[in-house]
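Remarks on the overall topology
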Amino acid sequence: YTGNMSRTAWIVLATVSVSIFVSVIVLVFVPSPNDATRKSFLSKNVKVFLPPVGGSVRNEFTAVGEARGTWFFEASFPVQVRDSTNNLIGRGIAQAGGEWMTADFVPFTAQVTVENYSGPAELVFLKDNPSGLPENSDSVSIPIEVLDVQ
């Protein structure tokens, strides 16, 4: 085939191939504007992937992330939603998605429900502490916006 293709055809083929290659690289490795504004929360004990920091949620939503196994008791830990004056306006239970009796990170999902509220709030993840001892307590929180959706 090389004998039948003109030099111009080779140049066009090479140019198209390089353009396709560059386009694929850009699509795979350059985040979209929406991805750039979505920020995961990462701490030494908890990683929250959804909702993103400052993200908007409905009155029922799913939180997704990972927590150290030490945060779970019987494969779960509590989740709360609090308004700007620290009133409890919603809650859920984070359930382990894997073996939780470890010090490593364990995936979790939490179905969270917010009652009769819209506006800025804090999504609070509480280390389960069946002992009630203050030295075993821990929590992390991220800002969210609860949408007024009926």
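Structure: see above.
In this text, all values refer to a predicted model and were calculated from it rather than measured experimentally.

Brief notes about the overall build of the chain
Scanning the chain from N- to C-terminus turns up two helices and nine strands. Order of helices (α) and strands (β) in the chain, N terminus to C terminus: α-α-β-β-β-β-β-β-β-β-β. Evaluated residue by residue, the chain yields a buried proportion of 29% over its 150 residues. Across the chain, contacts joining residues at least 24 apart in sequence account for 58% of those joining residues at least 6 apart. Element-wise, carbon and sulfur atoms account for 57% of the exposed surface of the chain, whose accessible area totals about 9700 Å².

Describing the pattern of salt bridges
For the structure on display, the rule yields one salt bridge. The shortest N-O distance in the salt bridge between Lys 47 and Glu 66 comes to 3.7 Å. Placement of the pair is Lys 47 in strand β2 (residues 46-50) and Glu 66 in strand β4 (residues 60-68), with a sequence separation of 19 residues. We classify Glu 66 as partly exposed; its relative accessible area is 23%.

Section: the sheet that holds strand β6 (residues 88-96)
Strands in a sheet are paired, the pairing made by backbone hydrogen bonds, and the direction either parallel or antiparallel. A sheet is described by the order of its strands in space; here nine strands give the open sequence β1-β2-β4-β7-β6-β5-β8-β9-β3, paired in mixed fashion. The sheet is open, and its two borders are formed by β1 (41-42) and β3 (56-57), each paired with just one other strand. Relative to β4, β2 is paired through four bridges, and the arrangement is antiparallel. Opposite Lys 47, over in β4, you have Glu 66 as the bridge partner.

So, unusual backbone geometry
Across the junction of Leu 50 and Pro 51, the peptide omega takes the value -5 degrees, indicating a cis bond. Phi is positive for Ala 75, close to 70 degrees, though the residue is something other than glycine. Locating Ala 75 in the fold gives a position in the loop between β4 and β5 (76-82). Even without being glycine, Asn 86 reaches a positive phi, approximately 70 degrees. Checked against the element boundaries, Asn 86 lands in the loop between β5 and β6.

A closer look at the nonpolar core
Judged by nonpolar contacts, the single largest core of 28 residues is most densely connected at Phe 77, Val 81, Leu 123, Phe 125 and Ile 144. At the level of elements, β2, β4, β5, β6, β7 (105-114), β8 (119-126) and β9 (139-146) are the ones that each hand at least two residues to this core. If you tally residues by element for this core, the top one is β7, at five residues. When near neighbours in sequence (up to four residues on either side) are disregarded, Val 81 contacts Phe 61, Asn 87, Leu 88, Ile 89, Gly 90, Val 112, Val 114, Ala 121, Glu 122, Leu 123 and Ile 144.

Considering a nonpolar patch on the surface
A cluster of nonpolar residues, Val 12, Val 16 and Ile 20, forms a patch on the protein surface that exposes about 260 Å² of accessible area. Within the element layout of this structure, Ile 20 appears in helix α1 (residues 7-29).

A few points about the side chain of Asn 45
Here Asn 45 shows up in the loop between β1 and β2. Taking the relative accessible area as the measure of exposure, Asn 45 reaches 16% and is therefore buried. Ignoring any residue separated from it by four or fewer positions in sequence, one finds Asn 45 in contact with Glu 66, Ala 67, Arg 68, Trp 71, Phe 105 and Asp 138.

Rules behind the numbers
- Positions within a chain are numbered from 1, following the residues in the order the chain's sequence is written.
- Whole-chain, interface and lining totals are the exception, using all residues; otherwise, since this is a predicted model, local features are given only for residues with pLDDT of at least 70 and side-chain atom pairs are given and counted only at 80 or more.
- To get the side-chain values, take all heavy atoms of the structure and skip hydrogens and water.
- Numbering of helices and strands runs from the N terminus; a helix is a DSSP stretch of H or I covering at least four residues, while a strand is a stretch of E covering at least two.
- Here the term buried applies to any residue with accessible area under 20% of the maximum for its type, exposed to any over 50%, and partly exposed to those in between, with areas from a 1.4 Å probe on protein chains only.
- Contact criterion: two residues are considered in contact whenever any of their non-hydrogen atoms come within 4.5 Å of each other.
- Where accessible areas are quoted, they stem from the Shrake-Rupley method and a 1.4 Å probe; at the residue level, only the protein chains shown are allowed to cover.
- In what follows, salt bridge is the name for a side-chain nitrogen of Lys or Arg lying within 4 Å of a carboxyl oxygen of Asp or Glu.
- For two strands to be treated as a pair, DSSP must find no fewer than two bridges joining them.
- Throughout this description, the term nonpolar core refers to a set of buried Ala, Val, Leu, Ile, Met, Phe, Trp, Tyr and Cys residues connected via side-chain atoms within 4.5 Å.
- Here a patch means residues that are over 30% exposed by relative accessible area and free of salt bridges, tied together within 9 Å if like-charged and within 5 Å if nonpolar (Val, Leu, Ile, Met, Phe, Trp, Tyr).

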